[in-house]
Amino acid sequence: MVRTLAALLLGLAMAAPAGVRAQEAVSGEPPVLRIHIGGEDLLPLVLPERYAMEPGRVAEDVEWAAERSAPLLEWWDRNGALLLRRVTDYAGFDWPYREVEVHLVRYWPVISIEYPLVLSVGAIRSATREVPIPDDVDFLTLVMVHQVTHRLLDLPPFRDPAVARPAARDHRFLLPGNFDNEAMVNWVVYQALRDVWGERRLASATDRDLWRAYNPNHEYVTELMERWPLSRTRPLRAWLDAHPPGSEPFQIRDRYRRETEARMPPREPAQRQQVTGTEYGIDLGETYDGVVFVAFVDEASPAHRAGVLQGDALLTIDGRPAVGVVEAQERMTRAWEERGEVHLSVRRGEQEVFLTVERF
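All of the points below concern the structure found in this document. For clarity, every value in this text was computed on a predicted model and none was experimentally measured.

Another point: the overall build of the protein chain. A count of helical and extended segments in the protein chain gives 14 helices and 11 strands. In the protein chain, buried positions account for 51% of the 360 residues. Of the contacts made within the protein chain by residues no fewer than 6 positions apart, 68% connect residues no fewer than 24 positions apart. Surface summary for the protein chain: the accessible area is close to 16,600 Å², and the carbon and sulfur share equals 50%.

This next bit is on the packing of aromatic side chains. In this structure the tally under the stated criterion is 8 aromatic pairs. Judged by centre distance (5.7 Å) and plane angle (50°), the rings of Tyr220 and Tyr256 are tilted. Taken together, the residues Tyr220 in helix H10 (residues 218-227) and Tyr256 in helix H12 (residues 248-263) connect sequence positions 36 residues apart. Comparing Tyr220 with Tyr256, the two get one shared label, buried. Among the aromatic residues, those joined into a ring-pair cluster are Phe173, Trp187, Trp228, Trp239 and Phe250. Just above the ring of Tyr107 sits the side chain of Arg125; from NZ or CZ to the centre is 4.9 Å.

Two elements in contact, helix H6 (residues 137-153) and helix H7 (residues 180-197), have axes whose closest approach is 9 Å; the angle formed by their N-to-C orientations is 125°. Considering the angle they form, H6 stands oblique to H7. H6 and H7 meet at a crossing whose hand is right-handed. Between H6 and H7, the contacting residues are Asp138, Thr141, Leu142, Val145, His146, Thr149, His150 and Leu153 on the first element and Asn181, Glu182, Met184, Val185, Asn186, Val188, Val189, Tyr190, Leu193 and Trp197 on the second. Looking at the contact of H6 with H7, its residues break down into 10 nonpolar, 6 polar and 2 charged.

The next point concerns the packing of helix H5 (residues 56-91) against H6. Relative orientation of the contacting elements H5 and H6 amounts to 40°, with a least axis distance of 11 Å. The angle between H5 and H6 falls in the class oblique. Two packed elements cross with a definite hand, and for H5 against H6 that hand is right-handed. Note on element contacts: H6 touches H5 through Val137, Leu140, Thr141, Met144, Val145, Val148, Thr149, Leu152 and Leu153, opposite Pro71, Leu72, Trp75, Trp76, Leu83, Leu84, Val87, Thr88 and Ala91.

Criteria and cut-off values
Residues numbered from 1 in each chain as written. Predicted model: local features only at pLDDT ≥ 70, side-chain atom pairs only at ≥ 80, totals over all residues. Heavy atoms only, no water. Helix = DSSP H or I, 4+ residues; strand = E, 2+ residues; numbered from the N terminus. Buried < 20%, exposed > 50% of the residue type's maximum accessible area, 1.4 Å probe, protein only. Contact = heavy atoms within 4.5 Å. Areas by Shrake-Rupley, 256 points an atom, 1.4 Å probe, with all protein chains shown as cover. Phe/Tyr/Trp six-rings, centres within 6.5 Å; stacked < 30°, edge-to-face > 60°. Lys NZ or Arg CZ within 6 Å of the ring centre and 35° of its normal. Axes fitted to C-alpha atoms, helices over the stretch in contact; angles between N-to-C directions. Parallel < 35°, antiparallel > 145°, perpendicular 65-115°, else oblique. Left-handed = near helix turned anticlockwise from the far one by under 90°. Nonpolar A, V, L, I, M, F, W, Y, C, P; charged D, E, K, R; others polar.

These values are about where atoms sit, not about what they do.
Now the structure itself:
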């Protein structure tokens, strides 16, 4: 179970000063990845059932993660700079970061998260289940580059509002969301990896059941690659500018979304993975400057069905301002227990989004 304290820690990681972490349009050059093994400060808080009562397990799992990660680090030393160069070329955007910190750990409640960037190399672990991560350098590379590319395509949490940004940044396909935004990230990643690996190796890495479970947009992305190949002279930025809402890619997207949803079996509440420890499926965090945000959303929970996204900044709960992470969590829980319904408004990018989390 991930406690609110863990979400607070993640909030602190997101809240580093803007000049240190991000600026708008810093450079067209890829960032340097600073890869760390362990996560000793995070692990006892995020997975207390394994680490809080037996601190010696932290050192044991750090050593295990270092051994498992060695092939990934060796591959990255040889090929990482080239791969990020390809990502940059195919995206067509400037990087808002000079450096990206990556933490490789043995266990994590999900396969990876973006802020801070944490990647499990051993297993997805919760209080009730453990799903092994393939011992495959290509699969780990795929997941890591996917998350790093989010740092390029997503608007940075800290940026100078006075600095103009490309119109493509406001395209609907780049707004935070489970399908559109993830598809754009995967499109850039697939094109870059195909250059470095070749078609067959890319197909092998993306054919893993675990990858497909987290990326139901795979077939949609492969069709985009076939119809509109990205290139240095025709990057994603130019493609977005050329395809406004209502154009052909939107129609293709809608078809794949319908087909994907039709293939998904109904999930009973007892079957879903609970990370937050709440029935409604939200755990909150808070930044240094007092912004309450969504730190985790349980898969297939009422919050997930309502469209709540990790990283949403919480503005109001039932029409009243959300002030303080502890009070906000208590108010949501009280509303859920009394009515089975919570009305929220969140800031998502430049928009205010209104959502209703309900029991049925």
